[in-house]
Amino acid sequence: MPKLSSPMPSVTDDEVAVDPADYARAEINASLKPKQKIGFLREMIRIRRFEQTSLKYYNQGMMGGFLHLYIGQEAVAVGTVSLMGKNDHVITAYRDHGHALAVGMGMNECMAELFGKATGCSRGKGGSMHYFAPDKNYWGGHGIVGGQTPLGLGLAYGLKYKGLKGCALCFLGDGAVNQGAYHESLNLAALWKLPVVYIIENNKYSMGTTLERSSAMRNCLAERADGYGIVWDIANGEDLYEVRAKTANAMRRAHEQSLPTVLELDTYRYYGHSVADANYKKYRSPEEIERYKTHHDPIILWRKRLQDEGVLTEAEAEAIDEAAKDEADAAAQFAMDSEFPAPETIFEDVYWEVDNKTEGGSTGRHFFSE
Amino acid sequence: MPLITYRKALNDALAEEIIRDENVVIIGEEVAQYNGAYKVTEGLWQRFGDKRVVDAPISEAGFIGMGIGASMLGVRPVMELMFWSFAYVAWDQIINNAGQVRFMSGGLINCPIVIRGPANGGTSVGATHSHTPENFIANTPGLKVVCPATAYDAKGLMKAAIRDNDPVCVMENTLLYGESWEVPEEEYVIPLGVADIKREGTDVSLIAHGRAVITALKAAEILAAEHDISAEVLDLRSIRPLDEEAILNTVRKTHRAVLVDENKPFCGVSAQIAATIQEKAFDELDAPVQRVCSLDAPAIYSPALENLQLPTVARIIEKVLHIR
């Protein structure tokens, strides 16, 4: 057996502009104003309160299907999305609530979607796994593991084709790295020098399967990018400063050199793969979950950090939390008060040409139900 | 009117659309420097360069999915599959992403993408390369699928497909690429969902699509010459959207229908057409609807047998005589 070396990220020295122990001093973070830092806390807390509220109603049987909670991973979505400019785009998998709220989607439309209501962001047609907001450069919300990875590549291709200086942030889980579509995408990204950043949110378990039982390469997952000549890096996904510093490097590479990056962010989900995952305390110990909640919670860590920096008081933090709870409760009320979609809307949003009543949408029969 | 090949008609359609719309880009295996595995894209790379005609590695899931993602941003990719049989490795991208994203986003996103290539048997390449997946695509609301039978239709439908704002699958036929038809020099577009009567008749309707139209036309000639039967040949051209009115009209006219296609019979296109006819024109029928499809087994290699597995003129005539 060849000896496994410890992972050596392929970034160059000049990109690590700071002491790895303190990403707060990275340029992208040193320039942050207190208001922005508090804003990140607010976004993370909003995501958590939104999901806790959605869980409450899911458990009351108010929603269908699956609910893949992002709780524990909030620093990843908030840290990465905070770097987005006008021509930067996001696409992710089915654990998509965090990214959706981070890009600015409203709690009301997101909650109503979970309740299957007409006021939902996808008019009740997509559900938890399929949030979209192209006006906010947010392209979903995709249900098939790894299926979004070629789409993210396509966003990058589109940007390059149109001569826009932007990038696609394509999120995937640790399970998705074993899908073929991802590997085809990596080769194409490197071959065609496309500005895509693949962000692996490694929450340690692809449903109930550990990395040790799913990956032939044990050190880390980003390392596989070596096989495609793509620069890769790993980062602690619980630390917002580190997430931002390392994502900023990757985005700069995309913007300035039109090159892809694979960035693996170490994170953890407190709940199961979905709420329907009955074994989530069997394939890992309750003690492990408690250890993460106590010592690695991104919100607790960030809140403490801001208090240590003297930019946030205990009272302000509590007020943010209360406001987020109220907002989530109001969103649930909005969702409950909303109407279900009208039956005829089933035939809407299938074909653009039909919806827009064009000539092409009126020649021939498009639907075959009586 | 000049006679041009089915291949050249497609090539002209692609070239004209590349010129017309700066967002049109052709991507596929061997489409650029090799000039196309079946030469459909011949000369386009030399004319339009690297940006508009792009050679992809053998990664159908990757590059088809990439095209779908790019189309969401307003690029209009025309993706070549060397064979539609290779679509299955990209099936998740085509069905789940191109086919469902508009609906699942409540209409916020659309995918103006074309996926094109040959989908036919009859070339002795075995079952893996001889699929006709038009029924699978047609079974997916959100996708459109057309199967041109002539050069004229191939050009007009391709141009409509590229201009359409929904994902359109164009299924061509390698056995037709070298055949010639009259094609006007002036520009024209054939709307999706409009069938075409390829031969007028009064006694029986042969309803077909793709190369089966050509087979049906040959059968119609023999029926007229040897059996004094006037067969009408209706070319569906587009499977979804489907020109249901044209189907019902020809049945109302002849009162007999024989459905001919190279698709498999079970849950194939002809099954849908038969259901439509019995639902909406039952009283017009003087005989049960008959079908002539590919024989219901994987496509056989052996050239002698494969020609029998596909719809033959003899099988069509036999079915017509059975219900005359």
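Residues numbered from 1 in each chain as written. Chains lettered and ligands numbered in written order. Predicted model: local features only at pLDDT ≥ 70, side-chain atom pairs only at ≥ 80, totals over all residues.

> Looking at this model, I keep getting lost on the sheet that holds strand β7 (residues 168-172) of chain B. Mind explaining?
The strands that make up a sheet pair up through hydrogen bonds in the backbone, lying either parallel or antiparallel. Residues and elements named next belong to chain B. Spatial strand order, β3-β2-β4-β5-β7-β6-β12: seven strands in an open sheet with mixed pairing. Looking along the sheet, the strands with just one partner apiece sit at the ends: β3 (53-55) and β12 (238-240). Each strand of the sheet is rotated relative to its neighbour by a mean of 20°, with strand direction disregarded. Alignment of strand β2 (residues 24-28) against β3, held across three bridges, turns out to be parallel. Note that in β3 the partner of I27 across the bridge is V54. (Pairing = 2+ DSSP bridges. Helix = DSSP H or I, 4+ residues; strand = E, 2+ residues; numbered from the N terminus. Axes fitted to C-alpha atoms, helices over the stretch in contact; angles between N-to-C directions.)

> Sorry if this is basic, but what is going on with helix α8 (residues 212-227) of chain B here?
Think of an α-helix as 3.6 residues a turn; residues three or four steps apart then line up on the same face. All names here are of chain B. With 16 residues, α8 ought to run about 22 Å at 1.5 Å a step, and its terminal C-alpha atoms sit 21 Å apart, in line with that. Contacts from the buried residues of α8 go to β9 (196-199), β10 (204-208), β11 (231-235), β13 (257-260) and α12 (313-322). Immediately beyond the C-terminal end of α8, within one or two residues, lies D228, with a positive phi of roughly 55°. (Expected span 1.5 Å × (residues − 1). Contact = placed C-beta atoms within 7 Å.)

> Looking at this structure, how should I read the pairing of strand β3 (residues 196-202) of chain A?
The side chains of a regular strand alternate, residue by residue, between the two faces of the sheet. Residue and element names in this part refer to chain A. Most of β3 sits inside the fold, with seven of its seven residues counted as buried. Side chains of β3 alternate between two faces, with V196, Y198, I200 and N202 and V197, I199 and E201 buried alike. Pairing between strand β2 (residues 168-173) and β3: six bridges, direction parallel. Its bridge partner being in β3, A168 is matched across the sheet by V196. Handedness of the crossover joining β2 and β3 through helix α7 (residues 180-191): right-handed. (Buried ≥ 20, exposed ≤ 12 C-beta atoms within 10 Å, placed from the backbone. Right-handed = clockwise from strand over helix to strand, strands pointing away.)

> How should I be thinking about the domain arrangement of chain B in this particular structure?
Many structure descriptions define interface size as the accessible area lost when the parts assemble. Residue and element names in this part refer to chain B. What the domain assignment reports for chain B is domain 1 (3-182) and domain 2 (196-322). Its C-alpha centre places domain 1 at a distance of 26 Å from the equivalent point of domain 2. Counting residues at the interface gives 23 residues for domain 1 and 24 residues for domain 2. For the side of domain 1 that touches domain 2, the elements supplying multiple residues, two or more each, are α6 (134-138), β6 (144-146) and α7 (151-163). Along the lines of polarity and charge, the residues of the side of domain 1 that touches domain 2 split into 11 nonpolar, nine polar and three charged. (Domains from an automatic or database assignment. Nonpolar A, V, L, I, M, F, W, Y, C, P; charged D, E, K, R; others polar.)

> Sorry if this is basic, but what is going on with the confidence of the model for chain A here?
A low pLDDT means the predicted coordinates there should not be read in detail. Averaged over every residue, the pLDDT of chain A is 94; residues scoring 70 or more account for 95%. Low pLDDT, under 50, characterises residues 1-5 of chain A; the predicted model gives this stretch two contacts beyond four residues in sequence or across chains. (pLDDT = per-residue confidence, 0-100.)

> Just checking my understanding: could you explain unusual backbone geometry for this structure?
Following G140 of chain A, the chain continues to G141 of chain A via a peptide bond in cis, the omega torsion being 20°. Note that the residue after R240 of chain B, namely P241 of chain B, is joined by a cis bond; omega there is 0°. Mapped onto the fold, P241 of chain B is located in the loop between β12 and α9 (244-254). Within the chain, K39 of chain B stands out as a residue other than glycine whose phi angle is a positive 65°. Examined against the element boundaries, K39 of chain B turns out to sit in the loop between β2 and α2 (44-48). Using a count of 17 C-beta atoms within 10 Å as the deciding quantity, one classes K39 of chain B as partly exposed.

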